[in-house]
Amino acid sequence: MAKDYKKLAEIIVKLSGGVRNISSASHCMTRLRLNLVDETKFDNAAISALPEVLTVVIQNGEHQIVIGQDVPNLYAEIQKINGIKEKGYVEDAETAREDIALDKKPGEKHDYLNIVMSFIGGTFSPVIPVLVAGGLTGAVLTLLTNFFGVSAESGTYTVIYAINQATFYFLPIFIGFSAATRLKSNGYLGAFLGAILLYQTINGAEGLDIFGVGVPTVTYNSTVFPIILGVLFMSVIYKFLEKYMPVYFKTIFVPLLTILITVPVTLIVLGPIGNVLGTWLADGVYALYQAFPAPAVMIIGITTPLMVFFGMNNATYPVLFALIAEVGSDPLICTGMAPANVAVGGAALAAMFISKDINQKSVSMSAGITALCGITEPAVYGVLFPQKFPLIGAMVGGGIGGLLAGLLGMTQYVVSTPGFISLPAYIDPSGSHYNLIVSIVVMLVALVMGFVTTYSLGKRSLKNTSSN
């Protein structure tokens, strides 16, 4: 039976305290994300008990309702409810509140590392569809040139190459919009800042100065840290001006002064700092990988389900982009997540064979297949953590697969969702088949180990339960 997303949307809004209690709504690949005015009105138990809901995660005040890959259908119905505007903001702006992650209440202590990771993850999460589409067009281009004889001088090559390159060249614009929106600032000014940094007379410019102050040379299209730091500063300026600027001056002077203040500070101070941070991060992570390649990838393989559970997996994107900018591929992050994801799929499918409950079998099967394609949240929340032994199986499979990936030098050439569905991302642009073959072997080993370990643990658990 098809899901009634309209009814589900109405129930969730009601159990969240009603329209006026929702300051903003958004979604990522599997979660409906709500920011609330009064968190005490959110009925966690009732929402978690809904058949369509896998679980509820609350991070720094954001209520994340895990639905699965069909969450866009639910979000579309949420948007249709009277009082909720396009992009998730309620019509009564006075009910909107600042993100609790950036708002310290009297006497309240915050986990600042968690706040930073949550901000980074929340910034990159909405951009993932662009990254996957743009990244995999690079793999498509490799297939066309190496296996289908498409010439590098052809119009087909030119167009597809442009799609791939535009994704990452203009990434600061996407990140600028997403980061500003995440900070409850003006997303379009965030995108504007990204566009300014990429303009031909600024991006990589030499000998530039502002009022006699020298501007360091930075290539902004190859790093994400400058735009993130710039938007953080911009949001402070924007909110200050919005608060204290007379109403009749706001329309003109708030955006004008925000940009005129933000751009010089970003170019002279924040951009260079972000560029250095990105370089240090890439060099440090890559040095660690070079010193201990197998253990480094194995750790990613083991901990990926935990990162997904705590919503921290998207926070690894800055490291990923720093690696790609520095060495041309990602031998660590997505390379470790690929065996981890398929191991989760193997664990969920093993749980399906073990379970005697028809509903749990259905959840495990669909979640397992989805995980093999690289989306693991339904399996993590619906199978691994509730039953525990599939979590152990997935971590064993991911760890063994990661260890093997590190030993064999597996790498991922383009950004994509790690899993079987993204195998073209492992095709070496030079035409060599080695990395693709290694990737298939690594993921198959992780899948089998995740399945076998989970099945063995599950059968042992059932035997112990029956004997007691």
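It should be emphasised that the depicted structure is a prediction, and the values quoted were computed from it without experimental measurement.

Student: Quick question: what am I supposed to make of the overall build of the chain here?
Tutor: If you tally the helices and strands in the chain, you get 17 helices and 6 strands. Rg of the C-alpha trace for the chain: 23 Å, near the compact-globule value of 23 Å for 468 residues, within the 12% margin. The 468 residues of the chain split such that 51% are buried. Within the chain, contacts between residues at least 6 apart in sequence are counted, and of these 72% link residues at least 24 apart. Distance between charge centroids for the chain: 11 Å, based on 26 positive and 28 negative side chains.

Student: How should I be thinking about a nonpolar patch on the surface in this particular structure?
Tutor: Taken together, the side chains of Val-247, Tyr-248, Phe-249, Ile-252, Phe-253, Leu-256 and Leu-260 define a hydrophobic patch exposed on the protein surface, amounting to about 770 Å² of accessible area. By secondary structure assignment, the location of Val-247 is in helix α10 (residues 247–291).

Student: Looking at this structure, how should I read the pairing of strand β1 (residues 22–27)?
Tutor: Successive residues of a regular strand alternate their side chains across the two faces of the sheet. Bridge count between β1 and strand β2 (residues 31–36): 5 bridges; the pairing is antiparallel. Bridge pairing links Ser-24 to Asn-35 in β2. Where β1 folds back on β2, the antiparallel hairpin that results is connected by 3 residues.

Student: When you look at helix α12 (residues 317–327) in this model, what are you seeing that I'm missing?
Tutor: Each full turn of the α-helix corresponds to 3.6 residues, which orients residues three or four apart in the same direction. Of all the positions in α12, only Tyr-317, Pro-318, Val-319, Leu-320, Phe-321, Ala-322 and Leu-323 are classed as buried. Where α12 terminates, the next one or two residues include Gly-328, which has phi positive at roughly 90 degrees.

Student: When you look at the sheet that holds β1 in this model, what are you seeing that I'm missing?
Tutor: Sheets are built from strands that pair by backbone hydrogen bonding, the pairs being arranged parallel or antiparallel. Here we have 4 strands laid out as an open sheet, ordered β1-β2-β4-β3, and antiparallel in their pairing. Taken across any chain shown, the strands that pair with only one partner, and hence form the sheet edges, are β1 and β3 (55–59). Pairs of neighbouring strands in the sheet enclose a mean axial angle of 20 degrees, with direction left out of account. By the bridge criterion, 5 bridges tie β2 to strand β4 (residues 62–66) in an arrangement that is antiparallel. Counterpart to Arg-31 in the pairing with β4 is Val-66.

Student: I would appreciate a short explanation of the environment of Tyr-426 in the present structure.
Tutor: Here Tyr-426 is to be found in the loop between α16 (389–408) and α17 (434–467). For Tyr-426, a relative accessible area of 0% gives the class buried. Between the C-alpha atom of Tyr-426 and that of Ser-329, which follows or precedes it by 97 residues, the distance is 9.7 Å.

Student: Is there a simple way to think about the domain arrangement of the chain in this case?
Tutor: Accessible area lost when the parts come together is the quantity often used to give the size of an interface. Taken domain by domain, the chain holds domain 1 (5–89), domain 2 (118–277) and domain 3 (292–466). Its C-alpha centre places domain 1 at a distance of 29 Å from the equivalent point of domain 2. Counting residues at the interface gives 10 residues for domain 1, matched by 8 residues for domain 2. Along the contact surface separating domain 1 from domain 2 lie 1 salt bridge.

Student: Please explain the nonpolar core as it appears in this structure.
Tutor: One recurring pattern in soluble globular proteins is that nonpolar side chains are buried together. Core analysis: the biggest nonpolar cluster contains 70 residues, and Phe-124, Leu-267, Tyr-317, Phe-321, Leu-332 and Ile-333 have the highest contact counts within it. Looking at this core, the element that brings in the most residues is helix α9 (residues 225–244), giving 8 residues. Two domains each put at least three residues into this core: domain 2 (118–277) and domain 3 (292–466). In terms of nonpolar packing, the next biggest core, distinct from the first, is built from 24 residues, Tyr-5, Ile-47, Leu-50 and Ile-65 among them.

Student: I tried to follow the pattern of salt bridges on my own but got confused; where do I start?
Tutor: If the charged atoms of two oppositely charged side chains come close together, the side chains can form a pair. Applying the stated criterion across every chain, the model contains 4 salt bridges. A salt bridge links Glu-377 to Arg-31, with the nearest nitrogen and oxygen atoms 2.4 Å apart. Residue Glu-377 is found in helix α15 (residues 377–387), and its partner Arg-31 is found in strand β2; the two are separated by 346 residues along the sequence. We note a salt bridge from Arg-182 to Glu-62, for which the minimum N-O separation is 3.0 Å. Within this pair, whereas Arg-182 is found in helix α7 (residues 171–182), its partner Glu-62 is found in strand β4, the two being separated by 120 residues in sequence.

Quick notes on the rules
Residues numbered from 1 in each chain as written. Predicted model: local features only at pLDDT ≥ 70, side-chain atom pairs only at ≥ 80, totals over all residues. Heavy atoms only, no water. Helix = DSSP H or I, 4+ residues; strand = E, 2+ residues; numbered from the N terminus. Rg over C-alpha atoms; globule rule 2.2 N^0.38 Å. Buried < 20%, exposed > 50% of the residue type's maximum accessible area, 1.4 Å probe, protein only. Contact = heavy atoms within 4.5 Å. Lys, Arg positive; Asp, Glu negative; His and termini not counted. Charge placed at Lys NZ, Arg CZ, Asp CG, Glu CD. Patch = residues over 30% accessible without salt bridge, like charges linked within 9 Å, V, L, I, M, F, W, Y side chains within 5 Å. Areas by Shrake-Rupley, 256 points an atom, 1.4 Å probe, with all protein chains shown as cover. Salt bridge = Lys/Arg side-chain N within 4 Å of Asp/Glu carboxyl O. Pairing = 2+ DSSP bridges. Axes fitted to C-alpha atoms, helices over the stretch in contact; angles between N-to-C directions. Domains from an automatic or database assignment. Core = buried A, V, L, I, M, F, W, Y, C linked by side-chain atoms within 4.5 Å.

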